[in-house]
Amino acid sequence: MQLITQTTELQQLCQQLSTMEFITVDLEFLREHHYYAQLCLIQIGSKDTCAIIDPLAQDINLDSFFELMQDQKVIKVFHSGRQDIEIIYHLSGKIPTPLFDTQIAAMALGYGESISYESLVTHILHQSIDKTNRLSDWSKRPLTASQLDYALSDVTHLIEIYQHLSQHLKQTNREEWIKEEMEILTSPHTYEINPQEAWTKIKHRSHSAHFLTLLRELAAWREKRSQTKNTPRQSYIKDDMLLNICAMNPQSKEELCQIRNLRPDIAKGKLGDEILNVLKYCRQIPKDNYVTPPKIKELPNKSGALFELLKLLLKIISQQEKVVARLIATDEDLHSFAIFKNDSSNPILSGWRNEIFGKHALLLRNGKTSIIYNPQTQQIEIKEITV
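Residues numbered from 1 in each chain as written. Predicted model: local features only at pLDDT ≥ 70, side-chain atom pairs only at ≥ 80, totals over all residues. Heavy atoms only, no water.

**Student:** Whenever I open this one, the overall build of the protein chain confuses me. Can you help?
**Tutor:** Helices and strands together make up the secondary structure of the protein chain, namely 16 helices and eight strands. Along the first, second and third principal axes, the C-alpha atoms of the protein chain reach 75 × 60 × 35 Å. Burial analysis of the protein chain (387 residues in total) assigns 47% to the buried set. Nonlocal contacts in the protein chain, meaning residues at least 24 apart in sequence, comprise 63% of its contacts between residues at least 6 apart. Surface accessibility of the protein chain: about 21200 Å² in total, with carbon and sulfur atoms responsible for 48%. Charge separation in the protein chain, taken as the distance between the mean sites of 44 positive and 48 negative side-chain charges, equals 8 Å. (Helix = DSSP H or I, 4+ residues; strand = E, 2+ residues; numbered from the N terminus. Buried < 20%, exposed > 50% of the residue type's maximum accessible area, 1.4 Å probe, protein only. Contact = heavy atoms within 4.5 Å. Areas by Shrake-Rupley, 256 points an atom, 1.4 Å probe, with all protein chains shown as cover. Lys, Arg positive; Asp, Glu negative; His and termini not counted. Charge placed at Lys NZ, Arg CZ, Asp CG, Glu CD.)

As structure tokens, this is what we get:
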């Protein structure tokens, strides 16, 4: 194992790795005390060498690593790489490419949704990982030998897992099945945070346009403040407090202090002034610019029954094909199909999705499919009804 702490060492390593067909990548980071993740370790593996890069080493320059992440001749293999890719994107301004995510590949091969790295190691390699150091503080130095061994195992096992999954995808002609999911990972929009959309991630039960507009503006204020200060968004005011403020809509420090469980230092201090300024701004927003409350999606009785049948059909086919159901169709896809809406653009009616599911869904909707249980084979069978 190499522990890279100097720029020249990193440059030599990256030059060596640039000759590989693929490399495996994993990052260790901390989010507890910052808005943007603090990068603490970079692990890289290949068939010829494996190494750990210390991005916290004094004066180390990571440019050669970021250049390697853009080398089109080298596939970058991650497992559940969204957070790792986000960190690389925010530090370098570019997304690693080309990409392969073993968790997404596993979805298309019947390993289940969001399968963990440890589970893949167990299922494919029949080995286990010592997770003793899983909760280490990776920002502290020096790191122990056991910590480094644990960190490196995140890329060494990944080499064989990638080879197994990629070969299985080719053998089953399922490489196209994961294309859309990979495209999401390589889109900058996946990692760009719009403060005006921050409110959509807060759980609430309101359908009031006024309440949701207050929530939108307060959540945007908190998001911008967190980005500027590089502090966790909930470190000074949590989601439930934002909801309480929206419900009370205070117009003065005295009214702000009356909000249950809001810390006095927030209500009486600078944050309190900022909150009241946001609420004052909200009172000037025209109603035409209010948030439009999401409509409650209720299907007509007949369409509702068809929707449930489609979900059953999807479950049966996903089990037969050994692929995660979400990869084939979402509830939104089935909802649209059940009410005969946008068939021309519904993804279940094109490509591989149509071949394994869409054509059966059409037959079901047209009353030409039967779903029966065969007691002899103890299997569910889908049969086309012929007249």
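**Student:** Help me understand the state of the cysteines in this model?
**Tutor:** Joining two cysteines, a disulfide is a covalent bond between their sulfur atoms. Summed over all chains, the structure comprises zero disulfides. Unpaired in this structure, C50 has its nearest cysteine sulfur neighbour in C14, at a distance of 14 Å. (Disulfide = S-S within 2.5 Å.)

**Student:** Hey, could you run me through the pairing of strand 5 (residues 75-78) in this one?
**Tutor:** The two faces of the sheet receive side chains in turn, since in a regular strand these alternate between them. With three bridges connecting them, strand 2 (residues 22-30) and strand 5 associate as parallel partners. Bridge pairing links I23 to K76 in strand 5. Inspection of the sheet shows strand 5 paired to strand 6 (residues 99-101) by three bridges, in the parallel sense. The residue of strand 6 that forms the bridge with F78 is D101. Crossover handedness for the path strand 5 to helix 3 (residues 82-92) to strand 6: right-handed. (Pairing = 2+ DSSP bridges. Right-handed = clockwise from strand over helix to strand, strands pointing away.)

**Student:** What's the story with unusual backbone geometry in this structure? I'm lost.
**Tutor:** Generally, phi is negative for residues other than glycine and the peptide bonds are trans, each holding for most cases. For the bond running from T97 to P98, omega is -10°, close enough to zero to count as cis. Looking at the secondary structure, you find P98 in the loop between helix 3 and strand 6. In this model, R141 is joined to P142 through a cis peptide bond whose omega is 0°. Inspection of the secondary structure assignment puts P142 in the loop between helix 5 (117-125) and helix 6 (145-171). In this structure, S80 is a non-glycine residue whose phi angle is positive, near 50°. Inspection of the secondary structure assignment puts S80 in the loop between strand 5 and helix 3. Assessed through its relative accessible area of 37%, S80 is described here as partly exposed. Non-glycine residue S114 carries a positive phi angle of around 55°. Tracing the sequence through the fold places S114 in the loop between helix 4 (102-107) and helix 5.

**Student:** Mind showing me how you'd approach the nonpolar core here?
**Tutor:** Note on soluble globular proteins: their nonpolar side chains tend to be buried together. Membership of the largest hydrophobic core comes to 89 residues, with the highest contact counts inside it found for I23, I53, F65 and F357. In terms of residues, this core owes the most to one element, helix 6, which gives 11 residues. Setting aside its immediate chain neighbours within four residues, I53 contacts I4, L10, L13, L41, I42, I44, I60, L62 and F65. (Core = buried A, V, L, I, M, F, W, Y, C linked by side-chain atoms within 4.5 Å.)

**Student:** Help me understand the sheet that holds strand 4 (residues 50-53) in this model?
**Tutor:** Strands in a sheet are paired, the pairing made by backbone hydrogen bonds, and the direction either parallel or antiparallel. Across the sheet, six strands lie side by side as 1-4-3-2-5-6; this open sheet has mixed pairing. Looking at the sheet topology across the chains shown, the edges are occupied by strand 1 (2-4) and strand 6. Taken pair by pair, the neighbouring strands of this sheet meet at an average axis angle of 25°, ignoring direction. As defined by bridge partners, strand 3 (residues 38-45) adjoins strand 4 across four bridges and the pair is classed as antiparallel. Its bridge partner lying in strand 4, I42 is registered against I53. The strands that helix 1 (residues 7-17) touches are strand 1, strand 2, strand 3 and strand 4; relative to strand 1, the one it contacts most, it runs at about 125°. Contacts from helix 6 reach strand 1, strand 2, strand 3, strand 4, strand 5 and strand 6, with the element oriented near 140° to strand 2. (Axes fitted to C-alpha atoms, helices over the stretch in contact; angles between N-to-C directions.)

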